[in-house]
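# Results of the structural survey
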Amino acid sequence: MLKIGLTGGIGSGKSTIAKIIATLGYPVYISDFKASELINRDEEIKKHLIELFGKDIYQPDGNLDKKRLAGIIFNDKEAIKQVNGIVHPAVTRDFMEWCSAQRRPLLFFESAILFEAKLENLFDYIILITTDLETRVERVISRDSTTREKVIERVNNQMPDEIKQTKSDFVIYNNNDDKVIKQILSIIHQLNNIHSKQV
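Residues numbered from 1 in each chain as written. Predicted model: local features only at pLDDT ≥ 70, side-chain atom pairs only at ≥ 80, totals over all residues. Heavy atoms only, no water.

To keep things clear, this is the line we draw: UniProt positions are given in the numbering used here, feature names are shortened, and annotations may be inferred rather than shown by experiment.
In the nomenclature of an unreviewed UniProt entry, the protein chain is known as Dephospho-CoA kinase of Butyricimonas virosa. Among the UniProt annotations of the protein chain, the heading Function (unreviewed entry) holds the following wording: "Catalyzes the phosphorylation of the 3'-hydroxyl group of dephosphocoenzyme A to form coenzyme A." Checking UniProt for the protein chain, the heading Pathway (unreviewed entry) contains the comment "Cofactor biosynthesis; coenzyme A biosynthesis; CoA from (R)-pantothenate: step 5/5."

### A short note on the sheet that holds strand 4 (residues 125-130)
Applied cut-off: Pairs of strands are assigned from DSSP output, requiring at least two bridges between the strands. Secondary structure elements are taken from DSSP: a helix is a run of H or I of four residues or more, a strand is a run of E of two residues or more, and numbering for both begins at the N terminus. Fitted lines through C-alpha atoms serve as axes, helices being fitted only where they are in contact, and the angles separating the N-to-C directions of these axes extend from 0 to 180 degrees. Contacts are assigned to residue pairs with any non-hydrogen atoms lying within 4.5 Å of each other.
Taken in spatial order, the five strands line up as 2-3-1-4-5 in an open sheet, and their pairing is parallel. In the strand order of this sheet, the two ends are held by strand 2 (28-30) and strand 5 (170-173), each with one partner. When strand polarity is set aside, the average angle formed by the axes of neighbouring strands in this sheet is 20°. Bridge count between strand 1 (residues 2-7) and strand 4: four bridges; the pairing is parallel. Bridging across to strand 4, Gly5 finds its partner in Ile126. Across the face of the sheet, helix 2 (residues 31-41) comes into contact with strand 2 and strand 3 (106-110) while running at roughly 55° to strand 2. Its contacts with the sheet place helix 5 (residues 77-100) against strand 1, strand 2 and strand 3, and it is angled at close to 160° to strand 3.

### Regarding the pattern of salt bridges
Stated formally: Criterion for a salt bridge: a side-chain nitrogen of Lys or Arg within 4 Å of a carboxyl oxygen of Asp or Glu. Each residue's exposure class comes from its accessible area (1.4 Å probe, protein chains only) as a fraction of the maximum for that residue type: buried when under 20%, exposed when over 50%, partly exposed otherwise.
Evaluated as defined, the whole model comprises eight salt bridges. Note that Arg41 and Glu37 form a salt bridge whose closest N and O atoms lie 3.8 Å from each other. Residue Arg41 and its partner Glu37 are located together in helix 2, separated by four residues, close to a single helical turn. Classification of Arg41 as partly exposed rests on a relative accessible area of 49%. Look at Glu37 and you get partly exposed, because its relative accessible area is 29%. Between Lys47 and Glu44 there is a salt bridge whose closest N-O contact spans 3.9 Å. Taken together, the residues Lys47 and Glu44, both in helix 3 (residues 43-53) and three residues apart, mark about one turn of the helix.

Put into structure tokens, the structure is as follows:
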């Protein structure tokens, strides 16, 4: 099996591309969704978060109080680093267990912060989804009902695409045209060829 990282900044359209890849029959691990699941059911994560932030970080129903956590870690880089240090290793373990249960030749892992979380060594190949700034801004404003200034701030808080591109094996240019499907199919064809040569 080849493990493929799929990443892109806010508004790049990576969730849509992940859905297209899944529709083509390839397993896709959505790291944000899985992290949310693990935070609520993994006892080790719960124990560490309670040690850091107190019992009130979880609600009576056992689910994380997301608003409370967001309020604590807002603009607190040390707290964010501590939370990531708890959650990222658990996601990595869960992904590796997930991989061992799959039977397809290509397995995909979707994450906005793949490079920021220093996860690149988990993968055989990495695909970057990149989009021009104005398209990203328009998408996020439409999706989140936010302001241009807030979107630009979020973009600037992420690693620039220029740096991500130097660390990636393939790039998908997702600028609201019909060429994106062709790009996906071309990359998957190349990856399947690589896999078949290794078998």
